[in-house]
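Coordinate analysis (summary)
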Amino acid sequence: MVRCGAAVLRKYSNFIDDLRVYVRGGTGGMGYPNLGGEGGRGGDVWFVARERTTLKSIRQKYPQKRFVAGTGANSSVKALKGEKGKDCEVHVPLGISVLDDDGKQIGELNAAGERFLAARGGLGGSLATNFLPCKGQRRTVHLDLKLIADVGLVGFPNAGKSSLLSKISHAKPEIANYPFTTIQPELGKIMYADYKQISVADLPGLIEGAHANKGMGHKFLKHVERTKQLLLVVDISGFQLSLKTQFRTAFETILLLTKELELYKEELVTKPALLAINKMDLPCAKDNLDELTAQLENPQDFFDLLEEEIIPENTLEFREVIPISTYTGEGIEELKTCLRKSIDEQAEQVNEEYRKKKLLLLQTSK
């Protein structure tokens, strides 16, 4: 087995999905005691979601990772009410959770233009404060990136996720013959003839024990949370990470992936899911597919042949099972059609639920 070289790891080690920053609102301006003047309020620090922004670019542009808003103007004879200090706006990527130093989520930014008040400016000096200004809010926060995509590709290393992403979208992920080719998440978009676009995230390969943070499992699994649907990609010939680990059949691989998702967060297995059976160009692939199809129809009938620890509490219900080959292109167009259909059906379901909720509110208001 060819191992991932140090040069490749260095290439991808610059990807950042968590950044700790210091934010401080501006101090208020001085009041004017003789005339009862009020100093200007200190500026605020805002996080603003913007496309084409990365945490890496923030760290490069602001190596000190400190963001301080402007001080409010002092009250004066010419201006009894001092002007507010200048706000500090920090552009952050879409899909950011804002956490305090204790790990508690205090905000999130999912769409371009959304804003989060990170640190409020202090009040200006006034009669209530004996005309002395107040300092602005200060704290340290974590910007935690969780990708937002319509579809998340989930699978063990070398299942062919990166190759699949390159086939169905314009993304050009690094593809090579070693495990953990994808060290960082990769985003691509499927373009349809009617200009509909579906975003797809190639998530780094999981390993057994990812839910317990083995192999940086939590850093990888957290990205699955922000995808609308899952696309499991499985090697029809099975999977073995190394000579020291156990060989897993395609059926066992599906159960293990489900188990890892379930143990990390139960809600993940309730997401709409599709299954792509890859490498159908290999010898014996057809026979293996026939066996897998029978196993997926009644998975419980085969549980007594497996170790108890790999059996999930709930099995994933796949909307579609599509045999593919990223090498020959077999099934790729069918997969794109199935993804489009599944995303459209989910959107219609969400819209229908929204309409019902609005109707119920109208009825109760009467």
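Presented here is a report on the structure given in the accompanying data block. Because the structure is predicted, anything quoted here is derived from the model rather than measured. (Residues numbered from 1 in each chain as written. Predicted model: local features only at pLDDT ≥ 70, side-chain atom pairs only at ≥ 80, totals over all residues. Heavy atoms only, no water.)

With respect to the overall build of the protein
- Along the backbone of the protein there are seven helices and 14 strands.
- Counting every position in the protein, which comprises 366 residues, the buried fraction comes to 47%.
- Within the structure as shown, the protein displays about 19500 Å² of accessible surface, and the carbon and sulfur contribution to it stands at 51%. (Helix = DSSP H or I, 4+ residues; strand = E, 2+ residues; numbered from the N terminus. Buried < 20%, exposed > 50% of the residue type's maximum accessible area, 1.4 Å probe, protein only. Areas by Shrake-Rupley, 256 points an atom, 1.4 Å probe, with all protein chains shown as cover.)

A closer look at the sheet that holds strand S3 (residues 66-68)
- With respect to topology, five strands assemble into an open sheet ordered S3-S1-S8-S5-S6, the strand pairing being mixed. Bordering the open sheet on either side are S3 and strand S6 (105-109), each of which pairs with just one other strand. When the angles between neighbouring strand axes are averaged without regard to direction, this sheet yields 30 degrees.
- As paired elements, strand S5 (residues 96-100) and strand S8 (residues 138-145) share five bridges and run antiparallel to each other. In the sheet register, Ser97 faces S8, and the bridge partner there is Asp144. (Pairing = 2+ DSSP bridges. Axes fitted to C-alpha atoms, helices over the stretch in contact; angles between N-to-C directions.)

Comments concerning helix H3 (residues 161-168)
- Listing the buried residues of H3 in full gives Lys161, Ser162, Leu164, Leu165 and Ile168. Down the axis of H3, the buried side of the element spans an arc of 160 degrees, and every buried residue falls inside it.
- For H3, the elements touching its buried residues are strand S9 (149-154), strand S10 (186-191), strand S11 (197-202), strand S12 (227-235) and helix H7 (332-365). (Arc of directions from axis to C-beta. Contact = heavy atoms within 4.5 Å.)

Section: unusual backbone geometry
- Despite not being glycine, Asn158 shows a phi value in the positive range, around 65 degrees.
- Note that Asn158 resides in the loop between S9 and H3.
- Among the residues examined, Asn158 registers a relative accessible area of 35% and is labelled partly exposed.
- Notably, Tyr195 is not glycine yet its phi reads approximately 75 degrees, a positive angle.

Description of the pattern of salt bridges
- Taken as a whole and assessed by the stated rule, the structure comprises 19 salt bridges.
- A salt bridge links Lys84 to Asp44, with the shortest nitrogen-to-oxygen separation between them at 3.3 Å. Of this pair, Lys84 sits in the loop between S3 and strand S4 (88-92) while Asp44 sits in the loop between strand S1 (18-24) and strand S2 (45-49), placing them 40 residues apart in sequence.
- With a relative accessible area of 7%, Asp44 lands in the buried category.
- Note that Lys286 is salt-bridged to Asp290, the shortest N-O span being 3.2 Å. Of this pair, Lys286 and Asp290 both sit in helix H6 (residues 285-297), four residues apart, roughly one helical turn.
- Linked by salt bridges that have partners in common, Asp194, Lys196, Arg340 and Asp344 make up one network. (Salt bridge = Lys/Arg side-chain N within 4 Å of Asp/Glu carboxyl O.)

Regarding the pairing of S12
- Burial runs high along S12: eight of the nine residues are buried.
- When S9 meets S12, the two strands line up parallel, connected through five bridges. The partner of Leu153 across the bridge, within S12, is Leu231.
- Summarising the sheet, S12 and strand S13 (residues 273-278) pair through six bridges and their orientation is parallel.

Focus on the packing of aromatic side chains
- Counting across every chain of the model gives four aromatic pairs.
- Centre to centre, the rings of Phe47 and Phe116 are 6.4 Å apart; their planes meet at 20 degrees, and the pair counts as stacked. Placement of the pair is Phe47 in strand S2 and Phe116 in strand S7 (residues 115-119), with a sequence separation of 69 residues.
- The exposure class assigned to Phe47 is buried, which follows from its relative accessible area of 0%.
- Relative to Phe239, the ring of Phe156 lies with its centre 5.0 Å away and its plane at 15 degrees, an arrangement referred to as stacked. Linking Phe156 in the loop between S9 and H3 with Phe239 in the loop between S12 and helix H5 (250-264), this pair joins segments that are 83 residues apart in sequence. The exposure classification of Phe156 matches that of Phe239, with both residues buried.
- In this arrangement the basic side chain of Arg115 is found over the ring face of Trp46, its NZ or CZ atom lying 4.5 Å from the centre.
- For the cation-ring pair, Arg340 lies above Tyr192, with the distance from its terminal atom to the ring centre recorded as 5.1 Å. (Phe/Tyr/Trp six-rings, centres within 6.5 Å; stacked < 30°, edge-to-face > 60°. Lys NZ or Arg CZ within 6 Å of the ring centre and 35° of its normal.)

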